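Given next are the chains, with one letter for each unit.
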Amino acid sequence: MPWYGIGFGQAIKRAFAKYVRFDGRASRSEFWWFYLFNAIVSTVLSIPYIIAYVGQAPAMMNGEPPQLGRLALADSASLVWSLVVLLPTLGLFWRRLHDTGRSGAWWFLSFACGIGALVPLIMCILDSDPTGQRYDRVHDARGPAPGGYGR
């Protein structure tokens with residue numbers, strides 16, 4: 001079930017707890033809090049790369065090639081972070097699309113060039129739709145698991 005009105009920290013915990021769940025739904029706040037968290041961490045992890053690149057700018061302006069090894073090392077933290085959040089982000093994106101009443105397969109438009117890549121993101125801004133309940137996991141006779149995460 002989506003958690004409407006979820007807080008920042010709870011949204012992050014929930015996204016990582018349900019990192020490979022592509023069924024069910026995610027509330028708008030759940031999605032956007034995690035999106036903000038990911039943007040902040042990605043920006044902070046990009047700082048060493050920016051510093052390394054700017055540090056090489058004077059040499060590159062004199063015609064020297066960039067030191068790619070140094071740039072790759074500086075960018076390695078961003079690469080690791082991208083791999084860590086790949087599945088949680090993808091699962092959360094699909095669940096958010098489900099909450100708007102759409103199939104998670106709309107996410108594949110993210111690969112389209114131009115404005116097509118923005119369509120799934122814009123869909124995540126939309127209000128929840130009750131028809132999205134069809135994407136919820138059907139529970140057995142014992143009912144939902146504690147915490148509302150399903151079995």
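This structure is a prediction, so every number in the text was calculated from the model and none was measured.

**Observations concerning the side chain of arginine 95**
One can find arginine 95 in helix 3 (residues 68–99). Summary of buried charges: arginine 95 has no salt-bridge partner, and the nearest side chain of opposite charge, glutamate 30, is 4.2 Å away. Of note is the side chain of arginine 95, whose polar atom sits 2.7 Å from the backbone oxygen of arginine 21. Contact partners of arginine 95, with chain neighbours within four places excluded, come to Ala15, Lys18, Arg21, Phe22, Asp23, Gly24, Arg25, Ala26 and Glu30.

**Thoughts on a nonpolar patch on the surface**
Where nonpolar side chains cluster on the molecular surface, the patch consists of Phe8, Trp33, Leu36, Ile40, Val44, Ile47 and Ile51 and spans about 620 Å² of accessible area. Ranked by residue count, the leading element in the nonpolar patch is helix 2 (residues 28–61), at 6 residues. Here isoleucine 40 lies in helix 2. On the accessibility criterion, isoleucine 40 (45% relative accessible area) is partly exposed.

**A closer look at the nonpolar core**
Ranked by internal contacts, the top residues of the largest apolar core, which has 17 residues, are Phe34, Phe37, Leu92, Phe93, Leu97 and Trp107. Among the secondary structure elements, those contributing two or more residues to this core are helix 1 (8–17), helix 2 and helix 3. Ranked by the residues each element gives to this core, the list is headed by helix 3, at 7 residues. Not counting residues within four places of it along the chain, the set of residues in contact with leucine 97 comprises Arg102, Ser103, Gly104, Trp106, Trp107, Pro120, Met123 and Cys124.

**Section: the environment of alanine 117**
Along the chain, the position of alanine 117 falls in the loop between helix 3 and helix 4 (119–123). The class for alanine 117 is partly exposed, based on a relative accessible area of 27%. Taking the C-alpha atoms as reference points, alanine 117 and tryptophan 107, 10 residues apart in sequence, are found 8.7 Å from one another. Residues within four places of alanine 117 in sequence aside, it is in contact with Leu109, Ser110 and Ala112.

**Overview of the packing of helix 2 against helix 3**
Running from amino to carboxyl end, helix 2 crosses helix 3 at an angle of 170°, the nearest separation of the two axes being 9 Å. What the angle tells us is that helix 2 and helix 3 run roughly antiparallel. Here the hand of the crossing between helix 2 and helix 3 comes out left-handed. Along the lines of polarity and charge, the residues of the contact of helix 2 with helix 3 split into 17 nonpolar, 6 polar and 6 charged.

Calculation criteria
- Residue positions are given per chain, counting from 1 as you read along its sequence in written order.
- Residues qualify for local features only when their pLDDT is at least 70, as the model is predicted, and side-chain atom pairs are given and counted only at 80 or more; totals for whole chains, interfaces and linings, by contrast, use all residues.
- Where side-chain values are given, they derive from all heavy atoms of the structure, hydrogens and water being excluded.
- Where helices and strands are cited, they refer to DSSP runs of H or I of at least four residues and of E of at least two residues respectively, numbered from the N terminus.
- Exposure classes here rest on a 1.4 Å probe applied to the protein chains alone. A residue is buried below 20% of its type maximum, exposed above 50%, and partly exposed in between.
- For the charge count, each Lys or Arg is scored as positive and each Asp or Glu as negative, with His and the chain ends excluded.
- Whenever Lys or Arg places a side-chain nitrogen within 4 Å of a carboxyl oxygen from Asp or Glu, that contact is recorded as a salt bridge.
- Pairs of N or O atoms within 3.5 Å make up the polar contacts considered here, provided that, within protein, one atom can donate a hydrogen while the other can accept it, and that residues adjacent in sequence are counted only when both atoms are side-chain atoms.
- By the convention used here, residues are in contact when the closest approach between their heavy atoms is within 4.5 Å.
- Distance thresholds for patches are 9 Å for like charges and 5 Å for nonpolar side chains (Val, Leu, Ile, Met, Phe, Trp, Tyr), applied to residues having over 30% relative accessible area and no salt bridge.
- Every accessible area reported is derived by Shrake-Rupley at a probe size of 1.4 Å, with residue values counting cover from the shown protein chains alone.
- In this description, a nonpolar core means a group of buried Ala, Val, Leu, Ile, Met, Phe, Trp, Tyr and Cys residues linked to one another through side-chain atoms lying within 4.5 Å.
- Whenever a helix is involved, its axis is fitted only over the stretch in contact; in every case the axis is a line through C-alpha atoms, and angles between N-to-C directions fall within 0 to 180 degrees.
- Here is the rule for angles: anything less than 35 degrees is roughly parallel, anything more than 145 is roughly antiparallel, 65 through 115 is roughly perpendicular, and the remaining ranges are oblique.
- Crossing chirality is assigned from the near helix's rotation relative to the far helix, an anticlockwise turn below a right angle marking it left-handed and a clockwise turn marking it right-handed.
- The nonpolar class holds Ala, Val, Leu, Ile, Met, Phe, Trp, Tyr, Cys and Pro. Asp, Glu, Lys and Arg form the charged class, and all remaining residues, Gly among them, are polar.

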